[in-house]
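Results of the structural survey
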Amino acid sequence: MQQLYNFAVGPLTWVAWAVFLGGAAWRLGSMWALARKKDMNAVAYMDVRFAARSMARWATPFATLGWRANPAVTVATFAFHISLGLLLLFAPGHAVLWDYAFGVNVWSLPEGVADVLTVLVILLCGFFAWRRLQLPTVRFVTRPMDWLVLALVAVPCVTAFLAKQQIGDNLLLSTLHVLSGEAMLMALPFTRLSHAIFSPFTRAYMGSEFGGVRHCPDW
Amino acid sequence: MSATEFSGIAERRIEDANLVRGVSALTRERIERVVKAVTKGEAGARLAVYHETCMRCGMCADACHYCISHDGDPTYSPVGKMEQTMWKLLRTGGKVDPDDIYGMAQIAYTECNLCRRCVHYCPVGIDTGYVMGLVRRICHRLGVVPLYIQDTAHSHSGTMNQMWVKDDEWLDSLVWQEDEARGEIPALRIPFDKEGADFLYSVIAPEPKFRTQLIYQAAVIFDQAGVDWTMPSAPGWDNSDMCMFTGDYEMMGRLKRCHFEMAQKLKVRRIVMGECGHAFRSVYDVGNRWLGWKNHPVPIVHSVEFFWELLTEGKIKLAKKFDEPVTIHDPCNIIRGRGLMDKLREVTHALCSNVVEMSPTREHNLCCCAGGGVINCGPPFKGVRLAGNKAKADQLAATGVHTVVAPCHNCHGGLEDIIHHYKLGMHTKFLGDLIYDCMEKPGAA
């Protein structure tokens, strides 16, 4: 198990990052090439100013009709993404890895804060799962891919929490945490998690169309 | 967890002669070929990214009048409709049965108005109108289009207008209205083919066909405002476009080219369009792109904006105001399509002494449920519109007024049907109706 752990935090980390960065670059590059070939009647209207306006609006809680109409989802979505982002970049354990892998000293979250954020993300995964199971409008359109991406986020958080709280086999849980985290990283460009790299463009495009052509707010 | 508990379109199938005929000629191989030709050949990154990044969060359900009117039935939500159509086609690579195409056509043509209200609800920025339009494109290429709207598309290709109006009938209608109007304004003329006029006035074919008084009213307004205008005598006069809604984009391109070329031939400075929403969408936003034009060879102005110009420049003076309380319906194609919500209000407030806003209003207003070609799918689907827009009926009733200002033909048709069905005791008016009624007419006999 120790060997597996060492492999996971060692060579496999580089593989995961390579797949993530290479995959993201390839997906973005090939999608851009496809857009240039097939979607110039949309691309031609891209406008930085209107794109930024739309992105800023949608990045503000309750600043759009959709956010206001769904207050619980709004709070959950913002809390989820902000917490997850903070943990990915600044969890104390991750700071060690930044140093170990790249030799950079990264500021890290206080232990207690990281613990709270981890629990929060787990609870919010539960909230999203509850919506998929209980709300007809969400259940009707939920497919295996939606469960997969939820699991890809939930498993690293659950294993991190259990390992941190010394519940269960620490080495096993730590290994699972690293492996599942790397799975999330590698899956990002190739699953619905790709909204992380594509949604800025869909948002920017909608903002551009509504700002520059339709002269109407898209929020 | 699966779609099985909601049968969706399967449990509400409506018999349409052309859908039945079209589907009977399909094979799985042909469907797969056409789906790939559209999703891989015509569409590209935009569709692929929408499919991939739609998070199936369901937030858009609250946006759609069909979904609201059916008590949140998920099969009517924007994402629910994409799930039953395009998402399914992409997931299966087009390997679906002819019977599935029937349901997809019914959803795409009759259960989505392409109104884009869901845009205001989607954090990712998915354009459901675009996706449903592509589903229609597939159905068109498969020959599975509702009978009535297909007939209007045939009319476009046969006559270059939507209503089978013959060339001599068009001229007869204009001369008839000119003759009628001269009874009121003796010196009035409807100028045909006047080269170099300030603007070409184009209308949709239903105006000469059965709303001819609107041409009379427009002629009086323009004549008394002293503007320099003309109407074309030859094909190109009709700015409407049901081909855009059936998915017949080749024909849409012909129509828009004909319309713009008529304006160029007459050397007008701009085109002013009558109070129609879908035609404006076709000329301003869609047809030009199909023709490869980022902008428009001749500037396009909708009536709402033109009336605003006439009033603010003092070319029209009002003799009175409309005293009854009115409310304002915001047509999607000129509000979400052109941002005319402020000008619409300025014109309405100038004309009416008591304006009661709907809730929601402006760009968040609910759709009429007639647009997007849905009303053009004809009598078999009238019930779909009526049941699918109870939300609008509730919204109208809550205003407590009896007059609805709606500067769009399809909105008029849809709202009148809803008003009648839900016994709301209201009626609709165009801005042109109000202006004609309230303006000073110094040239009157």
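Reading the values: the criteria
Residues numbered from 1 in each chain as written. Chains lettered and ligands numbered in written order. Predicted model: local features only at pLDDT ≥ 70, side-chain atom pairs only at ≥ 80, totals over all residues. Heavy atoms only, no water. Helix = DSSP H or I, 4+ residues; strand = E, 2+ residues; numbered from the N terminus. Buried < 20%, exposed > 50% of the residue type's maximum accessible area, 1.4 Å probe, protein only. Contact = heavy atoms within 4.5 Å. Areas by Shrake-Rupley, 256 points an atom, 1.4 Å probe, with all protein chains shown as cover. Lys, Arg positive; Asp, Glu negative; His and termini not counted. Charge placed at Lys NZ, Arg CZ, Asp CG, Glu CD. Pairing = 2+ DSSP bridges. Axes fitted to C-alpha atoms, helices over the stretch in contact; angles between N-to-C directions. Disulfide = S-S within 2.5 Å. Patch = residues over 30% accessible without salt bridge, like charges linked within 9 Å, V, L, I, M, F, W, Y side chains within 5 Å. Salt bridge = Lys/Arg side-chain N within 4 Å of Asp/Glu carboxyl O. Polar contact = N/O pair within 3.5 Å; in protein donor to acceptor, adjacent residues only side chain to side chain. Domains from an automatic or database assignment. Buried area = accessible area lost by both parts, 1.4 Å probe.

Of the regular secondary structure elements, chain A holds 12 helices and 0 strands. Tracing chain A from N to C terminus, the helices and strands come up as α-α-α-α-α-α-α-α-α-α-α-α. Dimensions of chain A, computed from the C-alpha atoms along their principal axes, are close to 60 × 35 × 35 Å. Within chain A, buried positions represent 47% of all 219 residues. A separation threshold of at least 6 residues defines the contact pool for chain A, and within that pool the share at least 24 residues apart is 65%. Within the structure as shown, chain A displays about 10,500 Å² of accessible surface, and the carbon and sulfur contribution to it stands at 73%. The positive charge centre, built from 16 side chains, and the negative charge centre, built from 10, are 14 Å apart in chain A.

What follows concerns the side chain of E184 of chain B. Within the secondary structure, E184 of chain B sits in the loop between α10 (167-182) and β1 (199-202). When neighbours within four sequence positions are excluded, E184 of chain B is seen to be in contact with Y216, V220, Y436, K441, G443, A444 and A445 of chain B.

All names here are of chain B. Overall, parallel pairing links the 4 strands, which are arranged β2-β1-β3-β4 in an open sheet. Looking at the sheet topology across the chains shown, the edges are occupied by β2 (229-230) and β4 (300-302). Relative to β4, strand β3 (residues 270-273) is paired through 3 bridges, and the arrangement is parallel. The residue bridging V272 from the neighbouring strand is V301, located in β4. Lying on the sheet, helix α14 (residues 249-265) is in contact with β1, β3 and β4; it crosses β1 at an angle near 145°.

All names here are of chain B. Counted under the stated rule, the structure contains 0 disulfides over all chains. C276 carries a free sulfur, and the closest cysteine sulfur to it, the one in C408, is 5.3 Å from it. Overall, the relative accessible area of 3% leaves C276 in the buried class. The closest cysteine sulfur to the non-disulfide-bonded C352 is located on C438, 6.7 Å from its own sulfur.

Right, let's talk about a positive patch on the surface for a bit. All names here are of chain A. Together, R49, R53, R57 and R68 give the surface a local cluster of positive charge. Ranked by residues supplied to the positive patch, first place goes to helix α4 (residues 48-58) with 3 residues. Along the chain, R68 falls in helix α5 (residues 65-69). Of the residues examined, R68 reaches a relative accessible area of 41% and is grouped as partly exposed.

Before going further, it helps to spend a moment on the sheet that holds strand β5 (residues 326-328) of chain B. Residues and elements named next belong to chain B. With respect to topology, 4 strands assemble into an open sheet ordered β6-β5-β7-β8, the strand pairing being parallel. The strands lining the two open edges of the sheet, one partner per strand, are β6 (355-356) and β8 (427-429). With 3 bridges connecting them, strand β7 (residues 403-405) and β8 associate as parallel partners. Each bridged residue has a counterpart across the sheet, and for V405 the counterpart in β8 is K429.

This part covers a nonpolar patch on the surface. All names here are of chain A. Taken together, the side chains of M1, L4, F7, L172 and L176 present a nonpolar region at the surface, about 430 Å² in accessible area. Secondary structure elements with two or more residues in the nonpolar patch: α1 (2-9) and α11 (170-187). Residue placement: M1 occurs in the segment before α1.

Residues and elements named next belong to chain B. Looking at where N239 falls in the secondary structure, it is placed in the loop between β2 and α13 (243-246). Polar side-chain contacts of N239 include one of 3.5 Å to the backbone nitrogen of I204. Ignoring anything within four residues of it in the chain, the contact list for N239 reads S202, V203, I204, K256, H259, M273, G274, A279 and V283.

All names here are of chain B. The domain architecture assigned to chain B consists of domain 1 (3-145), domain 2 (157-312) and domain 3 (326-438). The C-alpha centroid of domain 2 is placed 33 Å from the C-alpha centroid of domain 1. Taken together, both faces of the contact between domain 1 and domain 2 bury some 760 Å²; the carbon and sulfur share is 41%. For the domain 1 face of the interface with domain 2, the top three residues by lost area are L114, R137 and H140, together amounting to 55%. Counting the contacts that link domain 1 with domain 2 gives 1 salt bridge. Between R137 and E250 there is a salt bridge whose closest N-O contact spans 2.7 Å. If you look at where domain 1 meets domain 2, you find 6 residue pairs in polar contact (both at pLDDT 80 or more). Counting residues per element, the side of domain 1 that touches domain 2 draws most heavily on helix α8 (residues 128-142), at 5 residues.

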